[in-house]
Amino acid sequence: MTKIELEGVYKIVKGVSVIHDISMTITSGQVTGLRGVNGSGKTMLMRLIAGLILPTKGTIKIDGKVLGKDISFPESIGILLENPAFLNRYSGFQNLRMLASIRNNIGDAQINHALHTVGLDAISSQKKYKKYSLGMKQRLGIAGAIMEQPEIVILDEPTNSLDANGVEQVKHIVRHEKERGAVVILACHDTDILDELADEIHYLENGAVIQTTGRGHQA
Ligand SMILES: Nc1ncnc2c1ncn2[C@@H]1O[C@H](COP(=O)(O)OP(=O)(O)OP(=O)(O)O)[C@@H](O)[C@H]1O
């Protein structure tokens, strides 16, 4: 059981409060959705939870440990953010292998399994990343986020650039991640997909949560 607790979190960038007094508790085994117009703060919030940036004020705790104080990053996390930093001259498989070598807790079999799960077959996973289509890049990013079966899975717009088949695969992956007990945090502009997948949805406006719907909340 993993628990993420945000208490009075602010992020101020160049005098502007891009995240404004957010408090929420996110637990494993459910999908937490983030909704809001462009620039409302969804990506910022995900970057904060991932420890990629620190709050200006407030605390984020992962299982009671304060990010930026007790730990620098969540110990077990997979993230898909916009523009994943893969290397053009290596294949999809090689890129994932390099990523996996950071923690060194999975082997080729798990990498291949993740590639298969996102619909990248043996031939396309051996192609150089620079030859990848946008959809293939997106699929590789998702494979990178889930391959280590992390406790926390953060997916920022995972259905971007995907065809109908890819969207169905993402839905399947999100459900699977939830069922295996991960914390799943999902931002998606497609409201139907978010409604279908999320157990709880936080609506963001100008960096603040203006409404939360779902389990245990009034619509
Ligand atoms: N690197 C940065 N420096 C300064 N301001 C930033 C930076 N990144 C984001 N912002 C600002 O933070 C606010 C929140 O942006 P964020 O990217 O979190 O929105 P979003 O809800 O994810 O939008 P989108 O739906 O377009 O992905 C915006 O006002 C944006 O201009």
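Each chain carries its own residue numbering, running from 1 in the direction its sequence is written. With pLDDT at 70 or above as the cut-off, local features in this predicted model cover only qualifying residues; side-chain atom pairs require 80 or more to be listed or tallied, and sums for whole chains, interfaces and linings still use all residues.

## Looking at the sheet that holds strand S2 (residues 16-27)
- Within the open sheet, the four strands sit side by side as S2-S1-S4-S5. Their pairing is antiparallel. Since the sheet does not close on itself, it has two edges, and those belong to S2 and strand S5 (65-66), each with one partner.
- Criterion used throughout: strands pair if DSSP finds at least two bridges between them. The helix and strand labels rest on DSSP assignments: H or I over at least four residues marks a helix, E over at least two residues marks a strand, and numbering proceeds from the N terminus. As judged from the two bridges shared by strand S4 (residues 57-62) and S5, these two strands associate in the antiparallel manner. Directly across from Lys-61, in S5, lies its bridge partner Val-66.
- Two residues qualify as being in contact provided that their C-beta atoms, derived from the backbone, are within 7 Å of each other. Geometry is summarised by axes, namely lines fitted to C-alpha atoms with helices restricted to the contacting stretch, and by angles between N-to-C directions that run from 0 to 180 degrees. Sitting on the sheet, helix H1 (residues 42-49) touches strand S1 (3-13), S2 and S4, and the angle it makes with S2 is about 60 degrees.

## Topic: the pairing of strand S6 (residues 77-80)
- By the alternation rule, side chains of S6 split into Ile-77 and Ile-79 and Gly-78 and Leu-80, which are all buried.
- Sheet topology note: the S6/strand S7 (residues 152-156) ladder contains four bridges and is parallel. Looking across to S7, one finds that Ile-77 is bridged to Ile-152. Here a residue counts as buried when 20 or more other C-beta atoms sit within 10 Å of its C-beta, as exposed when there are 12 or fewer, and as partly exposed otherwise, the C-beta atoms being derived from the backbone.

## Re the sheet that holds strand S8 (residues 183-187)
- Overall, mixed pairing links the six strands, which are arranged S6-S7-S8-S3-S9-S10 in an open sheet. Each end of this open sheet is capped by a strand with a single partner; those strands are S6 and strand S10 (208-214). Each adjacent strand pair in this sheet contributes to an overall mean axis angle of 15 degrees, direction not counted.
- Across the sheet, helix H5 (residues 134-146) is in contact with S6 and S7; its angle to S6 comes to roughly 165 degrees.

## Some words on the site of the ligand
- Nearness rests on one distance test: the residue's C-beta atom, set from the backbone, must lie within 6 Å of the molecule or strand. Around the ligand, the surrounding shell consists of Val-13, Val-18, Gly-36, Asn-38, Gly-39, Ser-40, Gly-41, Lys-42, Thr-43 and Met-44.
- Looking at the shell around the ligand element by element, the count peaks at three residues for H1.
- In terms of residue class, the shell around the ligand is built from three nonpolar, six polar and one charged. Here the term charged refers only to Asp, Glu, Lys and Arg, the term nonpolar to Ala, Val, Leu, Ile, Met, Phe, Trp, Tyr, Cys and Pro, and the term polar to all other amino acids, Gly among them.

## Concerning the environment of Val-37
- In this fold, Val-37 is placed in the loop between strand S3 (31-35) and H1.
- By the C-beta count within 10 Å, which is 12 here, Val-37 ends up exposed.
- Residues Val-37 and Glu-205 lie 168 residues apart in sequence; the distance between their C-alpha atoms is 7.4 Å.

## Some points on the nonpolar core
- For our purposes the nonpolar core covers buried Ala, Val, Leu, Ile, Met, Phe, Trp, Tyr and Cys residues that link as a set through C-beta atoms within 7 Å. Counting 57 residues, the largest nonpolar core has Ile-49, Ala-143, Val-153, Ile-154, Ile-185 and Leu-186 as its most contacted members.
- At six residues, the largest contribution of residues to this core is made by H5.

## Section: unusual backbone geometry
- A positive phi angle, close to 50 degrees, is found at Asp-63, a residue other than glycine.
- Residue class for Asp-63 comes out partly exposed when judged on the 14 C-beta atoms lying within 10 Å of it.
- Positive phi, normally seen in glycine, also occurs at Asn-206, with a value near 50 degrees.
- Position of Asn-206 relative to the elements: it lies in the loop between strand S9 (200-205) and S10.

## As for the pairing of S3
- Among the five residues that make up S3, five are buried, leaving the element largely enclosed by the rest of the structure.
- Relative to S8, S3 is paired through four bridges, and the arrangement is parallel. Paired with Leu-34 across the strands is Ala-187, a residue of S8.
- Of the pairings in the sheet, the one linking S3 to S9 comprises four bridges and is parallel in character. The residue of S9 that forms the bridge with Arg-35 is Tyr-203.

## So, the environment of Gly-64
- Structurally, Gly-64 is set in the loop between S4 and S5.
- Judged by C-beta crowding, with 8 C-beta atoms within 10 Å, Gly-64 ranks as exposed.
- A C-alpha to C-alpha distance of 7.9 Å links Gly-64 and Lys-3, two positions 61 residues apart in sequence.

## Description of helix H3 (residues 108-117)
- Turning to H3, its buried residues are Ile-111, Ala-114 and Leu-115. What you see down the axis of H3 is that its buried residues fit within an arc of 100 degrees, all on one side.
- Among the structural elements, helix H2 (92-103), helix H4 (122-126) and H5 are those in contact with the buried residues of H3.
- Trailing H3 by a residue or two, Gly-119 shows a phi angle of about 85 degrees, which is positive. This arc corresponds to the set of directions leading from the helix axis out to the C-beta atoms.

Interpretation in functional terms is not warranted from these geometric data alone.
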